Amino acid sequence: MSRIHVPTPHDVGGMYDRLTDVLAESLGGSVHVGYWDDAADPASVARATERLTDLVADRLAIAPGGHILDVGCGNGKPGLHIARRLDVRLTGITVSTHQLGLARAAVHTSDQDRVEFRLADATHSHFAPDTFDAAFAIESLLHMTERTTVLTELARVVRPGGRLVVADVLLRRPIEGDTRTVVDAITRLFEVVSVATEQEYRTQLGETGWDIREFVDIGENVRPVYRRMATAMRDLAASAPDDVRQQTLAGADLVEAFASLPEIGYVLITARRK
């Protein structure tokens, strides 16, 4: 999908500075979507977002003591959960100063020797080659202006044989008409560069040093989050600061409209560093 406005890392960081608290309250404490088994699944949003984090963790295939890179760490909740669950070291990076503060504040004394959060752009991470045993990116690649540059950088800093797990929005087929209007509006609001197709993901990963092991669309398992998120955002708007109230209400309307779009899926990708 083409856009006139292409957000910079500064734009993305500013958006998350403003909206992370609202998103976290809407999403059970995390800032990514959740996973439900089916439409009848009664799981709370908090439980569903934890399930999504666990789906990512299960695919990392890393031994205790290994070192993981969290690309776009948000408020730190997913990374801390994964570090504790897998008993590994973790370095998380974000372009949002507010998220960085939240993530660092969430690190308990017992985590300090193995968890670190930094302000960094994934396209120029400045880590040494083969620093990490694995990496994951939850809903962060859609913000990247140069996705192939990021994937190349990840292939540089993850050792050969290490895994990359991506969880992100997927464009199942081309959009047009009213659907394009909704998608363009939500990408502007949330500073999204583009939503990739399956072929784009496969081509870009293959060209940057990654061998895809799994590519699964879990869009229907994720879909319940959007309406629940919209309801929560409207409830929160009443008490939100003036500078985010209207943005929160507009976002709720767009998120609810987004929920009904069959063109939009959600992908889990597991890739191995060649």
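Our subject is the structure that appears above.
An account of the accompanying structure is given in this report.

What counts, and at which threshold
- Residues numbered from 1 in each chain as written.
- Predicted model: local features only at pLDDT ≥ 70, side-chain atom pairs only at ≥ 80, totals over all residues.
- Heavy atoms only, no water.
- 1 Å grid on protein atoms, 1.4 Å probe; cavity = no way out; pocket = protein on both sides within 12 Å on 5 of 7 lines; lining within 4 Å.
- Points joined across faces, edges and corners; volume = space filled by probe spheres on them.
- Helix = DSSP H or I, 4+ residues; strand = E, 2+ residues; numbered from the N terminus.
- Nonpolar A, V, L, I, M, F, W, Y, C, P; charged D, E, K, R; others polar.
- Core = buried A, V, L, I, M, F, W, Y, C linked by side-chain atoms within 4.5 Å.
- Buried < 20%, exposed > 50% of the residue type's maximum accessible area, 1.4 Å probe, protein only.
- Contact = heavy atoms within 4.5 Å.
- Axes fitted to C-alpha atoms, helices over the stretch in contact; angles between N-to-C directions.
- Parallel < 35°, antiparallel > 145°, perpendicular 65-115°, else oblique.
- Left-handed = near helix turned anticlockwise from the far one by under 90°.
- Pairing = 2+ DSSP bridges.

### Structural notes on the layout of surface pockets
Move 1: Of the volumes computed, that of the largest pocket is approximately 420 Å³.
Move 2: Of all the secondary-structure elements, those providing two or more residues to the lining of the largest pocket are α1 (9–26), β1 (67–71), β2 (89–94) and β4 (132–138).
Move 3: Ranked by the residues each element gives to the lining of the largest pocket, the list is headed by α1, at 3 residues.
Move 4: Partitioned by chemical class, the residues of the lining of the largest pocket number 14 nonpolar, 10 polar and 4 charged.
Move 5: In this structure, the second largest pocket encloses a volume near 160 Å³.
Move 6: In this structure, the second largest pocket is lined by Asp17, Arg18, Asp21, Val22, Glu25, His98, Leu236, Ser239, Ala240, Pro241, Asp243 and Val244.
Move 7: Among the elements that take part in the lining of the second largest pocket, α1 stands out by supplying 5 residues, more than any other.
Move 8: Looking at the lining of the second largest pocket residue by residue, the class counts come to 5 nonpolar, 2 polar and 5 charged.

### A closer look at the nonpolar core
Move 1: Among the nonpolar cores identified, the biggest contains 70 residues, and Val56, Leu60, Ile68, Phe117, Phe136, Phe190 and Tyr266 are the most heavily contacted of them.
Move 2: When residues in this core are grouped by element, the largest group, 7 residues, is from α1.
Move 3: With sequence-adjacent residues up to four places away left out, Ile68 is seen in contact with Leu60, Ile62, Ile82, Leu86, Val88, Arg89, Leu90, Thr91, Phe132, Ala134, Ala135 and Phe136.
Move 4: Core analysis: the next-biggest nonpolar cluster, separate from the first, contains 28 residues, Leu151, Leu154, Val157 and Val166 among them.

### Thoughts on the packing of α1 against helix α9 (residues 224–237)
Move 1: At a closest axis distance of 8 Å, the pairing of α1 and α9 adopts a crossing angle of 125°. Judged by the angle between their axes, α1 and α9 are oblique. Considering only the axes of α1 and α9, their crossing is right-handed. On α9, the residues touching Val22, Leu23, Glu25 and Ser26 of α1 are Met229, Ala232, Met233 and Leu236.
Move 2: Of the residues assigned to the contact of α1 with α9, the class counts are 6 nonpolar, 1 polar and 1 charged.

### Considering the sheet that holds strand β6 (residues 210–217)
Move 1: The 7 strands lie next to each other as β3-β2-β1-β4-β5-β7-β6, forming an open sheet whose pairing is mixed. Whereas interior strands pair on both sides, the edge strands pair on one side only; in this sheet they are β3 (115–119) and β6. Put simply, the sheet's adjacent strands are angled 15° from each other on average, direction ignored.
Move 2: Sheet analysis places β6 next to strand β7 (residues 264–273), joined by 7 bridges and oriented antiparallel. By the bridge assignment for β7, Asp211 is matched with Arg272.
Move 3: Packed onto the sheet, helix α4 (residues 97–106) meets β2 and β3 and runs at close to 165° relative to β3.

### Structural notes on unusual backbone geometry
Move 1: A positive phi angle, close to 50°, is found at Ala61, a residue other than glycine.
Move 2: As for its placement among the helices and strands, Ala61 is situated in the loop between α2 (45–59) and β1.
Move 3: The exposure class assigned to Ala61 is exposed, which follows from its relative accessible area of 56%.
Move 4: Although it is not a glycine, Glu191 adopts a positive phi angle of roughly 50°.
Move 5: Tracing the backbone through its elements, the reader meets Glu191 in the loop between α6 (177–189) and α7 (198–207).
Move 6: A relative accessible area of 11% means that Glu191 is categorised as buried.

### Quick notes on empty space enclosed by the protein
Move 1: All told, the structure shown has 1 cavity of 30 Å³ or more when counted by the stated rule.
Move 2: Glu139, Leu142, Val169, Phe190 and Tyr226 are, among the 18 residues lining the largest cavity, the residues nearest its centre.
Move 3: Every element with two or more residues in the lining of the largest cavity is listed here: α1, α6, α9 and α10 (242–258).

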